[in-house]
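Close look at the chain arrangement
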Protein chains: 2
Amino acid sequence: MVDPTAPRIAIAQYAFPVGELDANTQRIIDTVAAARDELQADLVVFPELAVSGYPPDDLLLRSDFLAAVEASLERIAAACTGGITAVVGAPVERGGVRNAALVFAQGREVACAFKRCLPSYSVFDDNRHFVAGQAPCVVSVAGSRVGVTVCEDIWAPAPAADAVADGAEVVLAINASPFHDGKPAERQAVVAGRARANGVPVVYANMVGGHDEVVYDGGSFAVDAQGSVTARLSGFAEELAVFERGEGGGWFGGIAERAEGMPALYQALVRATADYVHGNGFSGVVLGLSGGIDSALTAAVAVDALGAARVQAVMMPSPYTAQRSLDDARAAAETLGIAYHEIPIEGMMADYERALSPLFSGYPVDVTEENIQARIRGNCLMALSNKWGLMLLAAGNKSELAVGYATLYGDMCGGFAPLKDVYKTDVYRLAAYRNALGPAVPEAIIEREPTAELRADQRDQDSLPPYPVLDALLRQYLEEERPEHAIEVDGLDPAERCRVIRLLYRNEYKRRQAAPGVKVTRRAFGRDRRYPITSGWSGCQQ
Amino acid sequence: MVDPTAPRIAIAQYAFPVGELDANTQRIIDTVAAARDELQADLVVFPELAVSGYPPDDLLLRSDFLAAVEASLERIAAACTGGITAVVGAPVERGGVRNAALVFAQGREVACAFKRCLPSYSVFDDNRHFVAGQAPCVVSVAGSRVGVTVCEDIWAPAPAADAVADGAEVVLAINASPFHDGKPAERQAVVAGRARANGVPVVYANMVGGHDEVVYDGGSFAVDAQGSVTARLSGFAEELAVFERGEGGGWFGGIAERAEGMPALYQALVRATADYVHGNGFSGVVLGLSGGIDSALTAAVAVDALGAARVQAVMMPSPYTAQRSLDDARAAAETLGIAYHEIPIEGMMADYERALSPLFSGYPVDVTEENIQARIRGNCLMALSNKWGLMLLAAGNKSELAVGYATLYGDMCGGFAPLKDVYKTDVYRLAAYRNALGPAVPEAIIEREPTAELRADQRDQDSLPPYPVLDALLRQYLEEERPEHAIEVDGLDPAERCRVIRLLYRNEYKRRQAAPGVKVTRRAFGRDRRYPITSGWSGCQQ
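1. Points about the overall build of chain A
When helices and strands are tallied, chain A shows 17 helices and 19 strands. Taking 24 Å as the expected radius of gyration for a compact globule of 542 residues, we find that chain A reaches 26 Å, a close match to that expectation. Of all 542 residues assigned to chain A, the portion counted as buried reaches 64%. A fraction of 71% describes how many contacts in chain A between residues 6 or more apart in sequence connect residues 24 or more apart.

Spelled out as structure tokens, the structure:
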């Protein structure tokens with residue numbers, strides 16, 4: 001039973017790329033018209049900072065950028081006529097720069113909410129760029145009193161409570177809330193709790209799409225005053241949909257499945273990769289295939305992000321490359337239907353050896369020779385990236401990046417690293433998930449023991465604990481911030497535990513020069529986890 | 001005329017490396033004893049976060065790290081006996097994590113100031129890690145009332161004013177205040193103004209030494225109630241010295257020269273390089289010499305930081321390398337007295353060409369071939385870095401990094417980039433300054449027109465505006481954040497202005513993977529200037 005006396009609320013769950021002011025503005029204007037004319041909406045809601053994209057970072061320190069946003073807002077205001085009200089996120093300079101939700105109706109701004117809770121943790125730097133708002137914002141839309149909040153506001157008690165105290169019958173939350181594994185459920189629990197605490201429905205609108213090191217998963221939803229979900233848009237996809245008030249006073253719509261588990265993780269990688277590649281002006285990618293699972297899964301992600309025709313794979317065998325690796329790499333490319341090339345690097349290796357031998361004389365063979373190989377491959381791949389105009393993808397995963405089991409300027413080369421925040425054990429899970437949708441990663445690759453093949457008979461486990469052990473340690477140490485002595489992992493002795501933790505600290509310098517990748521866990525290397533390079537601390541006793 | 005009724009204040013202007021809890025703690029304990037027993041000080045003052053080093057960044061999110069700091073503070077408290085009072089900076093967990101100045105006397109903590117003003121701009125992220133203090137802290141030391149403030153506090157009116165309202169006769173400011181060109185004068189003006197406004201002397205104690213992307217310049221000083229400087233320690237050097245109250249009520253000591261201009265800039269580079277190399281466990285460095293001024297100056301900085309015996313130079317000629325470049329590189333090495341090696345790369349270039357030619361067929365020669373050369377050099381230098389256990393220094397400057405005139409994974413390889421925040425025009429000024437101290441950069445190198453020598457007859461000015469023009473633009477755009485249309489540079493037309501600004505934005509991806517370097521200007525790439533990689537904005541009309 002739809003309540004025709006309450007506003008029909010359209011959610012514009014779209015991607016709004018950072019800095020694309022003109023395109024974002026035009027899209028907002030077009031969407032206001034569509035929501036009004038095609039969906040008969042009374043209210044259309046856009047995500048946090050929809051005009052500028054989120055986060056614009058230090059662009060917010062520039063007066064010309066803020067002036068351009070103001071000009072965009074004037075155009076948007078003028079388009080909000082014919083009975084529709086729009087809530088639009090944008091940065092505005094009013095007593096300092098504010099992260100604002102502007103409310104437009106009748107061709108002008110009628111109200112404005114300034115974000116009150118400014119996050120400065122994880123990937124967020126809102127305190128660097130914004131001055132906090134103090135007051136709630138409640139507006140009348142089609143006979144209902146609507147409270148307006150911005151993102152972090154809904155994670156704290158005061159903003160919603162203050163809006164309700166000011167008469168709000170429903171609370172809107174506009175967001176650019178980044179994904180991580182488990183975040184959609186966490187978000188829903190918080191919002192449901194807020195609705196129950198205040199006895200009002202909440203409508204939660206989220207951004208979608210990848211931006212550099214984060215991806216917004218959409219999944220906009222509504223809960224009623226009891227905290228039950230009454231509507232949900234899909235995860236990781238753009239959607240414009242209407243929620244309308246029904247029985248019990250909640251806002252109802254279709255209820256899409258909540259993004260969870262491996263499907264969500266995989267979609268996050270695909271969406272982030274597609275948006276990073278396209279957003280930086282590339283139409284396709286090149287990547288190295290080693291015959292191992294990381295590069296095979298990276299290729300699958302690339303194919304699902306860009307299409308098989310836009311992915312070029314290159315196998316670069318050395319004398320340490322097994323025939324099996326060549327076979328498996330070729331099979332991976334064939335399975336995905338992508339172009340496959342081979343560049344043997346033995347000649348180049350010999351040439352470096354010749355050139356460097358006078359300076360190497362007296363020194364034993366060590367990891368140097370392995371790194372030279374990896375860097376020859378990096379040089380070849382970058383050359384193809386340059387020559388073909390394709391972005392190079394790096395295939396490294398979180399587990400190896402954590403302990404520095406990767407060559408800087410070698411296999412770490414790339415414009416983007418889709419698996420950067422994916423533990424090796426999840427690489428296997430994702431491959432299994434993707435294969436269930438259709439063949440992508442050959443079984444031979446999944447079954448093979450991991451090896452870098454940079455010297456004879458090399459196995460990852462000669463240098464590292466087994467990946468299930470390593471990943472359990474990393475999850476506890478990185479995501480839970482457990483002290484070293486409180487790490488509990490079967491099969492990991494204290495000395496080995498310390499060795500791994502020391503490796504983690506010692507390799508910060510490599511990570512600082514790593515390609516960006518997308519955050520998909522509670523604590524990602526990069527923008528999320530900020531550590532000194534030079535540091536005397538490990539917290540280890542051994 | 002020394003006033004014997006007032007406290008003798010010792011300033012411990014020392015380096016306190018991040019995470020070196022045990023070493024920092026021992027040094028504090030030893031210094032307390034030295035100040036008391038050798039200098040007859042009543043009060044000894046340590047910099048901001050002396051126990052942990054500053055900034056510890058996300059180490060502050062770890063309970064084990066904070067617990068280890070607490071254990072250090074207990075040891076320090078126990079050492080503060082025999083009539084001395086110590087003010088020690090440390091992070092402490094008290095109603096949230098605080099950036100505290102702890103006051104120890106009689107073997108225990110007697111007072112505690114929590115930093116009230118938490119900077120979240122430039123290189124600072126204090127809001128990410130700390131909860132702000134609310135109240136002033138005034139303690140009695142040897143009959144005087146001393147107000148205690150922490151760093152940013154002295155840049156705002158309230159903390160000093162509140163301390164004086166609570167009876168402070170002198171205000172202490174403990175700092176970890178990073179250097180940039182002009183900062184010492186700026187700092188002195190602010191502190192002098194604060195003293196005048198409150199009618200009290202201020203004693204300003206600063207950290208010294210490099211930490212990753214910042215360098216603390218020391219230069220601790222005192223001003224009297226009229227804002228006149230009554231004491232100053234040297235710039236960029238460790239010192240333990242006493243200030244004592246004299247006529248007019250100020251605290252007096254020797255007055256060293258304030259660090260300014262090219263001498264300060266050069267010392268900043270040397271100190272930052274030495275501390276980064278040693279702090280990361282390296283005893284020496286390797287670097288490429290091209291025959292150009294950037295690498296020659298980098299070598300001079302390395303020699304002054306580490307000693308000539310710890311610097312290895314490598315010249316890697318290609319067919320595009322002029323004989324003059326070889327001569328100049330060798331002369332630079334000879335002038336500095338460093339080891340010099342040559343590795344011709346022609347054979348490796350030919351080998352890449354052979355290996356890649358099937359995949360390059362149909363494509364014209366372009367920048368790809370130049371990048372391959374630069375990356376061969378990067379691979380050779382990294383191989384020597386690995387084999388010899390020396391850190392590779394990158395020689396790039398700020399001007400070329402701004403516009404992307406550098407090869408990622410090529411000449412951008414390195415653990416540290418001493419000139420990363422030095423404009424090309426300042427590279428020349430620094431070379432002249434350094435040569436005035438003693439021969440370092442051969443005149444032939446200074447006089448030569450800049451060239452990357454990656455193809456025949458290449459000159460930097462074929463791709464870029466003349467460096468004086470480029471640098472003037474960059475200073476206005478980066479440091480003053482001027483809008484594009486407000487840039488005023490002689491000899492720069494609007495189309496060229498836009499082209500450079502677009503290059504600046506487009507090359508953020510390279511800078512994100514660049515080696516760290518030290519901030520020496522008002523706005524440095526890296527931790528200081530945080531921009532999105534993917535961004536549609538340039539603010540340019542053309």
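2. Topic: the pairing of strand 4 (residues 97-105) of chain A
Residue and element names in this part refer to chain A. Here strand 4 lies mainly inside the structure; 9 of its 9 residues are buried. Burial along strand 4 is two-sided: Val 97, Asn 99, Ala 101, Val 103 and Ala 105 and Arg 98, Ala 100, Leu 102 and Phe 104, pointing in opposite directions, are all buried. One ladder, built from 9 bridges, connects strand 3 (residues 85-93) with strand 4; its direction is antiparallel. The residue of strand 4 that forms the bridge with Ala 86 is Phe 104. Turn length for the strand 3-strand 4 hairpin, with the two strands adjacent in sequence and antiparallel, is 3 residues, and the turn residue Gly 95 shows positive phi of about 65°. Two elements, strand 4 and strand 5 (residues 108-114), share 6 bridges in a ladder whose sense is antiparallel. Across the sheet, Phe 104 pairs through a bridge with Glu 109, a residue of strand 5. Connecting the antiparallel pair strand 4 and strand 5 is a turn made up of 2 residues, with Gln 106 showing a positive phi of about 50°.

3. Describing the domain arrangement of chain A
Residue and element names in this part refer to chain A. One can read the domain layout of chain A as domain 1 (9-257) and domain 2 (264-512). Spacing between the C-alpha centres of domain 1 and domain 2 amounts to 38 Å. Counting residues at the interface gives 9 residues for domain 1, matched by 9 residues for domain 2. Here domain 1 packs against domain 2, burying approximately 800 Å² in sum over the two surfaces, 62% of which is carbon and sulfur.

4. Here we look at the pattern of salt bridges
Under the criterion given, the structure shown has 85 salt bridges over all chains. In this structure, Asp 528 of chain A and Arg 523 of chain A form a salt bridge, with 3.2 Å as the shortest nitrogen-oxygen distance. On the basis of relative accessibility, which here comes to 2%, the residue Asp 528 of chain A falls in the buried class. Between Asp 351 of chain B and Arg 354 of chain B there is a salt bridge whose closest N-O contact spans 2.3 Å. Of this pair, Asp 351 of chain B and Arg 354 of chain B both sit in helix 9 (residues 346-360), 3 residues apart, which is roughly one turn of that helix. Its relative accessible area of 56% is what places Arg 354 of chain B among the exposed residues.

5. What about the relation of the copies chain B and chain A?
For the pair chain B and chain A, the superposition axis carries a translation of 0.0 Å, the fit reaches an RMSD of 0.0 Å, and the rotation angle comes to 180°. The two molecules are tied by a two-fold rotation axis, judged by turn and shift. The position closest to the rotation axis in chain B is occupied by the C-alpha of Gln 513 of chain B, lying 2.1 Å away. Mapped onto chain A, 100% of the interface residues of chain B are again interface residues, and the two copies thus contact each other with one and the same surface.

6. A closer look at helix 10 (residues 367-388) of chain A
Along an α-helix, residues three or four positions apart point the same way, because every turn accommodates 3.6 residues. If you check helix 10 of chain A, its first and last C-alpha atoms are 32 Å apart, about what 22 residues at 1.5 Å a residue would give, namely 32 Å. Looking one or two residues beyond helix 10 of chain A, the residue adopting positive phi is Gly 389 of chain A, at roughly 70°.

7. Remarks on the interface of chain B and chain A
Where interface size is quoted, it is often the accessible area lost as the parts come together. Contact with chain B, which involves 82 residues of that partner, is made by 82 residues of chain A. Buried area between chain B and chain A, summed over both chains or domains, comes out near 7100 Å², and the portion from carbon and sulfur atoms is 55%. Linking chain B to chain A there are 9 salt bridges. With its nearest N and O atoms 3.0 Å apart, the salt bridge here joins Arg 62 of chain B to Glu 481 of chain A. In this structure, the connection of chain B to chain A is made through 51 residue pairs in polar contact (both at pLDDT 80 or more). Sorting the residues of the side of chain B that touches chain A by element identifies helix 2 (63-79), helix 3 (126-129), helix 6 (261-279), helix 9 and helix 10 (367-388) of chain B as the ones contributing at least two each.

The rules behind these values
- Residues numbered from 1 in each chain as written.
- Chains lettered and ligands numbered in written order.
- Predicted model: local features only at pLDDT ≥ 70, side-chain atom pairs only at ≥ 80, totals over all residues.
- Heavy atoms only, no water.
- Helix = DSSP H or I, 4+ residues; strand = E, 2+ residues; numbered from the N terminus.
- Rg over C-alpha atoms; globule rule 2.2 N^0.38 Å.
- Buried < 20%, exposed > 50% of the residue type's maximum accessible area, 1.4 Å probe, protein only.
- Contact = heavy atoms within 4.5 Å.
- Pairing = 2+ DSSP bridges.
- Domains from an automatic or database assignment.
- Buried area = accessible area lost by both parts, 1.4 Å probe.
- Salt bridge = Lys/Arg side-chain N within 4 Å of Asp/Glu carboxyl O.
- Least-squares fit on C-alpha atoms with pLDDT ≥ 70 in both.
- Expected span 1.5 Å × (residues − 1).
- Polar contact = N/O pair within 3.5 Å; in protein donor to acceptor, adjacent residues only side chain to side chain.

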